[in-house]
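# Residue-level structure breakdown
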Amino acid sequence: MKKIILFASILIVVNSRAQSNDEKIIRKMLADQISFWNKGDIPGFMQGYWENDSLVFIGKNGPTYGYNNTLHNYQKNYPNKDYMGTLNFDIISVQSIEKDHYFVIGKFMLDRKVGNASGHFTLIFKRINGVWKIIFDHSS
């Protein structure tokens, strides 16, 4: 019985460390997105997204499907530094929803010459081939 309890305890510790490390990786990825955005680098910002036709982005104009369509919309709606401004995130929650999926809630703030913007976002991350990627983004 003691061996079973010890084994279960080890599994819990290993699992919580893995989740903690995954959360650190996801938070680092979001910080990298801020850095790319603030340099005016939309393709760099998009490195966090799943490069696949099944990517879903929902914004004020409704859903956009696919990586290329999402990239095109970002480039169209943020054509220069005046529109991109300076981005910052306030991460509210990062939660594991199953082994290879995380759910993130946050707030974005854009300080811009053309007028500030802010809103909230929900993201679903999936570990794909060992790398965390955003597969779903609802920003409003």
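All figures in this text were calculated on a predicted structure; none of them were measured in a lab. (Residues numbered from 1 in each chain as written. Predicted model: local features only at pLDDT ≥ 70, side-chain atom pairs only at ≥ 80, totals over all residues. Heavy atoms only, no water.)

### Remarks on the sheet that holds strand E5 (residues 117-128)
Read across the sheet, six strands follow the order E2-E1-E6-E5-E4-E3 without closing on themselves; strand pairing throughout is mixed. Two strands in the sheet have a free side with no partner beyond their single neighbour: strand E2 (62-65) and strand E3 (86-98). On average, adjacent strands in this sheet sit at an angle of 25° to one another, irrespective of strand direction. Relative to E2, strand E1 (residues 56-59) runs antiparallel, the two sharing four bridges. By the bridge assignment for E2, Gly 59 is matched with Gly 62. Together, E1, E2 and strand E6 (131-139) form the strand contacts of helix H3 (residues 67-77), whose direction differs from that of E2 by roughly 120°. (Pairing = 2+ DSSP bridges. Helix = DSSP H or I, 4+ residues; strand = E, 2+ residues; numbered from the N terminus. Axes fitted to C-alpha atoms, helices over the stretch in contact; angles between N-to-C directions. Contact = heavy atoms within 4.5 Å.)

### Things to note about the environment of Ser 93
Residue placement: Ser 93 occurs in strand E3. With 29 residues separating them along the chain, Ser 93 and Thr 122 place their C-alpha atoms 9.5 Å apart. Dropping the residues within four chain positions of it, Ser 93 is found in contact with Phe 103, Val 104 and Ile 105. A polar contact of 3.1 Å, which involves the side chain of Ser 93, links it to the side chain of Gln 95. (Polar contact = N/O pair within 3.5 Å; in protein donor to acceptor, adjacent residues only side chain to side chain.)

By themselves, these observations are geometric and do not establish any function.
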